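# Descriptive structure summary
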Amino acid sequence: MDVWGAITDAFSLPFMSRALVVLLVLSLVAGVVGVLVNLRGLEFISDGLTHAVFPGIAIGFVWGGREGLFAGAIVAAVLTAVVLAVLMRRAVPVDAAIAIVFTAMFSIGVIVVSRQTNYVGQLEQLLFGRLLTISVVEVVQTVVICAVALLLVGITLKEQLFRAFDRTGFSAVGYRPFVLDLVLNVAIALVVVAASSAVGTLLVLAVLIVPGAVARLVTVRLWLLFPVAAVFAALAAWVGLTLGYVASVGAGINLPSGATVVLVLVAGYALALAGRLLLDRFRRGKHQHDRMRAPQPRTAAVR
Amino acid sequence: MNENDSHVPENAPLALHVDGASFAYAQTPALEDVTFDLRAGEAVALIGPNGSGKSTLLKGVLGLIHRVAGTVEVLGESPAPAGAVGYVPQADELDPEFPVTLEQVVMMGRYRSLGWLRLPGKGDRAHVAAALDAVGLRHRARARFGELSGGQQQRGLLARAIASGPRLLLLDEPFNGLDQENREALVGTVKRLKAEGVAVLVSTHDLELARDVCESVLLLNGGQVAFGPLDEVLSLENVQRTFRSVGVELDEHTVVVPGHTGH
């Protein structure tokens, strides 16, 4: 069969083009936000947010159906983002507290959903998304939420980078890290919400973390990180979606679209990592002599 | 002899006024009852053992640590006027893998005056170039910050502070682990800044630096041991009291504490 024909035909189908629009918007924004997640080392916090947003989504879903999903999720997300920013203010490690709160929230979500009649089906949709049955209204909602997240990060971008690089120096010139942490947490939370209907609350973590990690492997130039992450994520989204379609139409294998996109992301990361390691090995061999240690500084200090 | 004190006029304006100031982390007192003045164009060396409160004092002046008693005024104001204080942290506290160039790090010194949403313009780039010239690192502007040597990173952070145009400069152990070339570059820059009227507060273990650039010394050990002109205060007796060790010795360059093996 004509594979290329199948690919171009794929996105003329309304449900496929809706899925593509949602995924492209989502990956572009998640890519940009994901670079900050990477530079700040907020992977654990992001993971926690995906769990904490879940009860909001579940309650919103039970209360208002598919249209109530976003409202509940946004309330839960913003609330969690604020609580997290407050916890992060304290110098003491709060990982245990965060993990406990988040798993508790997640359990609440599961219990709420389990009260529903079609329990397993609903839970699966919320956790893994339902990319191919997404409605026009949901497409619009996703785009709006992504736009807000992008705006939040865009307005504070140079300050976010300063804070990520040097927190003490940042506060020393009179900035308040708390405000920035709050803004970034809310942006991450909004991306999680936006992704919930498309790829589900569990798989969104990959969309948030992998593109930023790939960008770090590909370039050390600060302003290139953002376009690299966004373009990589969008490309993976398109490839993943097409792959799922071709497998289903061409070979009769039904691949869950969200998970397929995530695996394409991860495969891309593996490729980038392999490329980076090879390049490093090649360069190290070449510059062996330059890497000799500089003479030790003289010691003139009491320690 | 100290060659610097003659350059500072008696009536130079007060850059920093600290009177009976105590600082605390949560409920734990970190530094108690510190009193000293620092005039424009003058430099004070903070000397004391590790944990004596040198960093606490610097962070207290920045307003990053809770002041539980006393006064801290920068240019006669409390809290300090925006942009008046420049802070140079220790370079080894920063992530060497962070993907920024030296130029971008120095540009961060301009962010505060730029404000939100605005991107650096021509004027900011000129300030950055001038600051890099001041520390002698213009030729390394495009290098990745983490690839610079420790000394160059330290000078880069000084350039970042300079780019913000401070009247008071706080340096936290700027000479730790620096080679001779970087020491000379750093001392030269600090002297030029002083000549332009910038006041400098520098925490250090390095007496050579203190003698080279500072008029006064503040000895700390959880509180103020002594403050005054360098030649009067930096006596063996005072230093022994500060380090709470009679075995301590002073040589030309450094405080020698028995049992400590340097780095």
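Residues numbered from 1 in each chain as written. Chains lettered and ligands numbered in written order. Predicted model: local features only at pLDDT ≥ 70, side-chain atom pairs only at ≥ 80, totals over all residues. Heavy atoms only, no water.

## A closer look at the packing of aromatic side chains
Definition in use: Two rings from Phe, Tyr or Trp (for Trp, the six-membered ring) form a pair when their centres are within 6.5 Å of each other. A pair whose planes differ by under 30 degrees is stacked, one over 60 is edge-to-face, and the rest are tilted. By definition, any uninterrupted DSSP run of H or I lasting at least four residues is a helix, any uninterrupted run of E lasting at least two residues is a strand, and each is numbered from the N terminus. The buried label goes to any residue with under 20% of its type's maximum accessible area, the exposed label to any with over 50%, and the partly exposed label to all in between, with areas taken from a 1.4 Å probe on protein chains only.
If you walk through the whole model with that rule in mind, you get 10 aromatic pairs over all chains. A centroid spacing of 6.0 Å and a plane angle of 75 degrees characterise the contact between Phe162 of chain A and Tyr111 of chain B, whose relative ring orientation is edge-to-face. Taken as a pair, Phe162 of chain A in helix 7 (residues 157–165) and Tyr111 of chain B in helix 2 (residues 102–114) lie in two separate chains rather than in one. Look at Tyr111 of chain B and you get buried, because its relative accessible area is 6%.

## Side note on the packing of helix 2 of chain B against helix 3 (residues 122–134) of chain B
Residue and element names in this part refer to chain B. We count it as follows: Axis lines are fitted through C-alpha atoms, for helices just across the contact stretch, and the angle between N-to-C directions can take any value from 0 to 180 degrees. Throughout this description, any angle smaller than 35 degrees is read as roughly parallel, any larger than 145 degrees as roughly antiparallel, any in the 65 to 115 degree range as roughly perpendicular, and the remainder as oblique. Two helices that cross are described as forming a left-handed crossing if the nearer one is turned anticlockwise from the farther one by less than a right angle, and a right-handed crossing if clockwise. Whether two residues are in contact is decided by their heavy atoms: any pair within 4.5 Å suffices. Under the grouping applied here, Gly and all other residues not named as nonpolar or charged are polar, the nonpolar ones being Ala, Val, Leu, Ile, Met, Phe, Trp, Tyr, Cys and Pro and the charged ones Asp, Glu, Lys and Arg.
Following both chains from N to C, one finds helix 2 and helix 3 inclined at 130 degrees, their axes separated by 9 Å at the closest point. Classed by the angle they form, the pair helix 2 and helix 3 counts as oblique. Considering the relative orientation of helix 2 and helix 3, their crossing is right-handed. When helix 2 is examined against helix 3, the residues Leu102, Glu103, Val106, Met107, Arg110 and Leu114 are found in contact with a partner set consisting of Asp124, Arg125, His127, Val128, Ala131 and Leu132. For the contact of helix 2 with helix 3, the residue count by class is seven nonpolar, one polar and four charged.

## Description of helix 6 (residues 136–155) of chain A
All names here are of chain A. Selection criterion: The length a helix should cover is 1.5 Å for every residue beyond the first. To obtain the arc, one takes the directions from the helix axis to the C-beta atoms.
Here helix 6 spans 29 Å end to end across 20 residues, near enough to the 28 Å set by a 1.5 Å rise per residue. All of the buried residues along helix 6 are Glu138, Val139, Thr142, Ile145, Cys146, Ala149 and Val153. Projected down its long axis, helix 6 shows its buried positions confined to an angular sector of 135 degrees, all on one face. More than 90 degrees from the buried face of helix 6, the exposed residues found are Val136 and Leu151. Along its buried surface, helix 6 packs onto helix 2 (14–40), helix 3 (43–89), helix 7 and helix 9 (177–196).

## Regarding the sheet that holds strand 7 (residues 199–203) of chain B
All names here are of chain B. Quick note on the threshold: Two strands are said to pair when DSSP picks up at least two bridges between them.
Read from one edge of the open sheet, six strands run 5-6-7-3-8-9, paired in mixed fashion. Edge strands, defined here as strands with exactly one partner in the open sheet, are strand 5 (85–88) and strand 9 (224–229). Across the sheet, the mean angle from the axis of one strand to that of its neighbour is 15 degrees, orientation sign disregarded. When strand 3 (residues 43–47) meets strand 8 (residues 216–220), the two strands line up parallel, connected through four bridges. Paired with Ala45 across the strands is Val217, a residue of strand 8.

## Let's talk about the pattern of salt bridges
Put simply, the rule is: A carboxyl oxygen of Asp or Glu within 4 Å of a side-chain nitrogen of Lys or Arg is what we treat as a salt bridge.
What the rule picks out here adds up to 14 salt bridges over all chains. For Asp166 of chain A, the salt bridge identified is with Arg160 of chain B, shortest N-O distance 2.6 Å. Separated into two different chains, Asp166 of chain A in the loop between helix 7 and helix 8 (167–172) and Arg160 of chain B in helix 4 (residues 150–163) make up a pair that spans both. Put simply, Lys54 of chain B and Glu173 of chain B hold a salt bridge, and the shortest N to O gap is 3.8 Å. Of this pair, Lys54 of chain B sits in helix 1 (residues 54–62) while Glu173 of chain B is found in the loop between strand 6 (168–172) and helix 5 (180–195), placing the two residues 119 residues apart along the sequence. A single burial state applies to Lys54 of chain B and to Glu173 of chain B, both of which are buried. Members of the salt-bridge network, linked through shared partners, are Arg40, Arg163 and Asp181 of chain A.

## Here's the deal with unusual backbone geometry
Residues and elements named next belong to chain B. Ser78 connects to Pro79 through a cis peptide bond whose omega is 0 degrees. Position of Pro79 among the secondary structure elements: in the loop between strand 4 (66–74) and strand 5. The phi angle at Asp33 is positive, at roughly 55 degrees, despite the residue not being glycine. Among the secondary structure elements, Asp33 is positioned in strand 2 (residues 28–39). The phi angle at Leu117 is positive, at roughly 70 degrees, despite the residue not being glycine. With respect to the element layout, Leu117 can be found in the loop between helix 2 and helix 3.

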